[in-house]
Every structure is written in structure tokens, then in C-alpha cells.
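Geometric and topological summary
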Amino acid sequence: MQENIIIAGQHTSGQPTASWQQQLSRAIRDPAVLCQRLGLSDQWLAGADAGHQLFEICVPEAYLARIPPNAPDDPLLRQVLPLGDETLTQPGYVTDPLEEADHQPVKGLIHKYANRVLLIASPACAINCRYCFRRHFPYSESSPSRSQWHAALDYLQADNTIQEAILSGGDPLAASDRQLAWLVEQLDTIVHLKRLRIHTRLPVVIPDRVDNALLDWLSNTRLQKVVVLHINHPNEIDQAVVDACARLKQVGVTLLNQSVLLRGINDNVSTLAALSERLFDAGVLPYYLHVVDPVQGAAHFDVPDSEAKTLVSQLLEHLPGFLMPRLVREVPGRASKTPL
Ligand SMILES: *Cc1c(COP(=O)(O)O)cnc(C)c1O
Ligand code: SF4
């Protein structure tokens, strides 16, 4: 059993590194194992079990390696360990907070904003974040098969106002490189498309995802490339993540980051300032800071608007303007994210 454990940063030891697929298949998906591996006392297990029943735990080893043992309040642990609070229901906290089901002209394609379209390229994620607004998403109904992709591609082809294809999910990079290379090859042929954007947490969670196969199809597209990472805390950025970012930059990717403002995780000025600094050290610019979407089971992560606005105005005094993320909320029916 022991030799199956992969520790981040061991690439130089001369031992072969597991592929990202192997690392993903060996991710921890059992509340008892997660608690035991981190030396957490039994008091955490009941809540972890209850949350796991609603939205399964998933934590790859490379992410676990950044969490210290016996630290129940660790900001990375809090993103992946369910608390009993997840079972609470609260008025206004719903299962489809963004009403995405209403904006799918064809399966797997969400068209809400002008000039850009979101494609659900993979229903899976490499990590299950407890605050995720897609925790109740009916993925099996929304992830297209190869033949269904043709309907989505026809939709893009037919609307020459669309300049940007955004690969989303789940996590689009959970799809195989064979599938992604095929999809991007199809997108390349749509003449009015200018940009390919990829919203992903995989290079953060399993940095080995940024391998040669991925870099191959990214290098081959004629489209301008933007990768929007999802990092909430500076401790998420270890050397392996920095190296993965460098590989993406080498093939001409513009790197941005979006975070979620989370109670008990990054809801203070010093953490947010350190996050922006650490991102820029890795060649990544802060893009959005989202307030938590009102999804059932995530109300305990919520930071009230007034507090969020105060935090951001204080953050302005600590950072150059180009390292300030934009504080936004997603309001169903609006034509863009809504600045707070
Ligand atoms: C957030 C989102 C986008 C991207 O919005 P930007 O402001 O361009 O980052 C596009 N489509 C949908 C459906 C979205 O939810
Ligand atoms: S990686 Fe993104 S989509 Fe997946 S669980 Fe986390 S927040 Fe949700």
C-alpha cells in the first residue's frame, strides 16, 4: 500500500511519477481515510460522513500533501473536508443557484453572455470543493457525447458573434487529451472564434496534469489561449504548481486566477494580499473574487456583502492595482457578472 502514495515534489527522486490519471484514480474518496491520514480526531468523522453522502469527498494526494496533520482549521483542509453544517438547509440556498438549466440551447453548452459561450467539456473534477455551486448539478444530463458535440459545434458555427469558447465543467481538464485535442481541432475551424479559454483547477490540484500531451494540443491551436485557474489560498501554490504555470506560459497561455471569498479560509486582508503576491510570483494575474453562490449546503462559507466590500477596500491599500481581483457575484438573468 505504502508505495502507492504519491508525495508532491518527489519528481527528482528518480522514481517514476504516477500519471495524472493514476493520481486521480487514487484520490481519497473515503471520509474515514481522510481523517485518519490527517490525524484528525473522531469528532470530525460524523460531519465528514454526512457531507460525503450529499457530495462525495475527493482529495488527490498532491493536494493532501499541502495540508499539515492535526490542523482541523487549515484553510486547504476546510475546502475539502465536509462539516455537519452541509446538511443544514437555509431559505434562499438552492440546488441550481445560477439557473443554468435555463440557458442550454444545446446539451453541454451554456450561452448567457454576449460573444462567449461555455462548453461543459467534462462532468468530473479532480477535487470536490465543499462550496462548489455545481454540487447538485445533474452532470450526466449535461455532458455531451462525441455525437452530441456536433450539435454544440454547429451552434458555434452558426453564430458569428461568438468570439470565445470557454471550456468548463466540472473540470474540463479531467477529460482526456485525445478528447480535448479533437474538440479544440474542431473549434480551430470555426473562423469567427478568436479565443479559447479554459476554466480549471486541475493544474493546482494535480500539477502533473500539465504534461506533454496537454501542452501538445495547446501549442497546436491557432486560437489565443487563456487559462483561468481557481486558487483560494496562497498555501495552494507549492513549487509543483509554480512549475505547472511555467509550462503553460511557455506555450503562450495567459494565466488568470479566480477565487471564492470563503468564511474561515481567505476572509482576511493579509491572506488575500499574500494570495495575489504569490499568484504573481507564479506568473498569474488575479481576475475575479467571487462571493459564494447561494448553493444548498454551503451557507456556512458565506461572507456578507458589507464585509466583503470592506475587505476589498482595505486590500486596495496593500496591493498595486493590477493585483486586485474584481469582487463579483453571479446574478441569474444578468448579462455579465455583477460587481459589488
Ligand atoms: C462566468 C461566465 C462566463 C465568463 O464570464 P467573464 O466575465 O467573461 O469571465 C461566460 N459564460 C457563463 C455562462 C458564465 O457563467
Ligand atoms: S474544481 Fe471547481 S467545479 Fe470542481 S468541485 Fe471545485 S469548485 Fe466545483
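Residues numbered from 1 in each chain as written. Chains lettered and ligands numbered in written order. Predicted model: local features only at pLDDT ≥ 70, side-chain atom pairs only at ≥ 80, totals over all residues.

Observations regarding the overall build of the chain
For the record, the criterion: A run of H or I in DSSP counts as a helix once it spans at least four residues, and a run of E counts as a strand once it spans at least two, with each numbered from the N terminus. Between the two quantities, the radius of gyration covers C-alpha atoms and the globule rule is 2.2 Å times the number of residues to the power 0.38. Once C-beta atoms have been placed from the backbone, residue pairs whose C-beta atoms lie within 7 Å are recorded as contacts.
In terms of helices and strands, the chain carries 13 helices and 9 strands. The globule rule puts the C-alpha radius of gyration for 340 residues at 20 Å, and the 20 Å found for the chain is close to it. Considering only residue pairs separated by 6 or more positions, the chain has 82% of its internal contacts joining residues 24 or more positions apart.

What about the sheet that holds strand S6 (residues 254-261)?
Which entries qualify depends on this criterion: Here the rule is simple: two strands pair whenever DSSP picks up at least two bridges between them.
Pairing in this open sheet of 9 strands is mixed, and the strands run S1-S2-S3-S4-S5-S6-S7-S8-S9 from one edge to the other. Edge strands, defined here as strands with exactly one partner in the open sheet, are strand S1 (109-110) and strand S9 (338-339). Examined bridge by bridge, S1 and strand S2 (residues 116-122) share 2 bridges and lie antiparallel to one another. Residue pairing across strands places Ile110 opposite Leu118, the latter belonging to S2.

A word on helix H11 (residues 239-250)
The cut-off we apply is this: Here the expected span of a helix is defined as 1.5 Å times the quantity of residues minus one. Think of it as a crowd count around each C-beta: if 20 or more other C-beta atoms lie within 10 Å the residue is buried, if 12 or fewer it is exposed, and in between it is partly exposed, with C-beta placed from the backbone throughout. What the arc covers is the set of directions going from the helix axis to the C-beta atoms.
Over its 12 residues, H11 extends 17 Å from the first C-alpha to the last, a length consistent with the 16 Å expected when each residue adds 1.5 Å. For H11, every residue scored as buried is listed here: Ala240, Val241, Ala244, Cys245 and Leu248. In an axial view of H11, the angular spread of the buried residues amounts to 140°, which keeps them on one side of the axis. Pointing more than 90 degrees away from the buried face of H11 are the exposed residues Gln239 and Gln250. Where H11 is buried, its residues meet helix H4 (61-64), helix H9 (202-205), strand S5 (224-230) and S6. Remark: Gly252 follows H11 within two positions and exhibits a positive phi of approximately 85°.

Some thoughts on the site of ligand 1
Using the following cut-off: Nearness rests on one distance test: the residue's C-beta atom, set from the backbone, must lie within 6 Å of the molecule or strand. All amino acids are sorted into three groups, where Ala, Val, Leu, Ile, Met, Phe, Trp, Tyr, Cys and Pro are nonpolar, Asp, Glu, Lys and Arg are charged, and the leftover types, Gly among them, are polar.
As a matter of local geometry, ligand 1 sits amid Ile110, Lys112, Tyr113, Arg116, Leu118, Ile166, Ser336 and Lys337. Among the residues making up the shell around ligand 1, the classes are represented as 4 nonpolar, 1 polar and 3 charged.

A closer look at the domain arrangement of the chain
As a reminder of what qualifies: For the domains described, the bounds stem from an automatic or database domain assignment.
Domain boundaries in the chain define domain 1 (17-87) and domain 2 (100-339). Between the C-alpha centres of domain 1 and domain 2 there is a distance of 23 Å. Those elements that place two or more of their residues in the side of domain 1 that touches domain 2 are helix H1 (20-25), helix H3 (45-54), H4 and helix H5 (77-80). For the side of domain 1 that touches domain 2, the class distribution of residues is 15 nonpolar, 4 polar and 5 charged.

So, unusual backbone geometry
Each neighbour pair has its own omega, and for Gly169 with Gly170 the value is 15°, a cis peptide bond. One can find Gly170 in the loop between strand S3 (164-169) and helix H8 (177-188). Although it is not a glycine, Asn70 adopts a positive phi angle of roughly 55°. As for its placement among the helices and strands, Asn70 is situated in the loop between H4 and H5.

Considerations on the nonpolar core
What counts is decided by this rule: A set of buried Ala, Val, Leu, Ile, Met, Phe, Trp, Tyr and Cys residues, joined to one another through C-beta atoms within 7 Å, is what we call a nonpolar core.
Ranked by internal contacts, the top residues of the largest apolar core, which has 84 residues, are Val59, Leu119 and Ile127. Of the domains in this structure, domain 1 (17-87) and domain 2 (100-339) are the two that each give at least three residues to this core.

Examining the UniProt feature "modified residue: N6-(pyridoxal phosphate)lysine" (unreviewed entry) in the chain
Put simply, the rule is: UniProt positions are given in the numbering used here, feature names are shortened, and annotations may be inferred rather than shown by experiment.
With numbering matched to this structure, UniProt assigns "modified residue: N6-(pyridoxal phosphate)lysine" (unreviewed entry) to Lys337. For Lys337, the location among the structural elements is in the loop between strand S8 (326-329) and S9. Aside from chain neighbours lying at most four places away, what touches Lys337 is Tyr288, Val328 and Glu330.

Examining helix H12 (residues 269-281)
With 13 residues, H12 extends 18 Å from end C-alpha to end C-alpha; this agrees with the ideal 18 Å at 1.5 Å per step. Turning to H12, its buried residues are Leu272, Leu275, Ser276 and Leu279. The buried residues of H12 all sit within an arc of 95° when viewed along its axis, so they share a single face. Exposed and oriented more than 90 degrees from the buried face of H12 are Ser270 and Asp281. Once H12 ends, the next one or two residues include Gly283, with phi positive near 85°.

As for the packing of H8 against helix H10 (residues 212-220)
Put simply, the rule is: Between the N-to-C directions of two axes lies an angle of 0 to 180 degrees, each axis being a line fitted to C-alpha atoms and, for a helix, fitted only over the stretch in contact. The scheme is simple: roughly parallel for angles under 35 degrees, roughly antiparallel for over 145, roughly perpendicular for 65 to 115, oblique for anything else.
Orientation of H8 relative to H10, taken along the N-to-C sense of each, is 5°, at an axis distance of 10 Å. Of the possible angle classes, the one that applies to H8 and H10 is roughly parallel. Residues Asp177, Leu180, Ala181 and Val184 of H8 form the contact with H10, whose own contacting residues are Ala213, Leu214 and Trp217.

A short note on the environment of Ala244
The residue Ala244 is located in helix H11 in this model. Residue classification places Ala244 among the buried positions, given that 22 C-beta atoms sit within 10 Å. As a C-alpha pair, Ala244 and Ile206 span 38 residues in sequence and 9.4 Å in three-dimensional space. Setting aside chain neighbours within four positions, we find Ala244 in contact with Pro203, Pro207 and Val210.

As for the environment of Thr200
The residue Thr200 is located in strand S4 (residues 195-200) in this model. Given 25 C-beta atoms within a 10 Å radius, Thr200 is considered buried. Counting along the chain gives 142 residues from Thr200 to Cys58, while the straight-line C-alpha distance between them is 16 Å. With sequence-adjacent residues up to four places away left out, Thr200 is seen in contact with Asp171, Pro172, Leu173, Val227 and Leu229.

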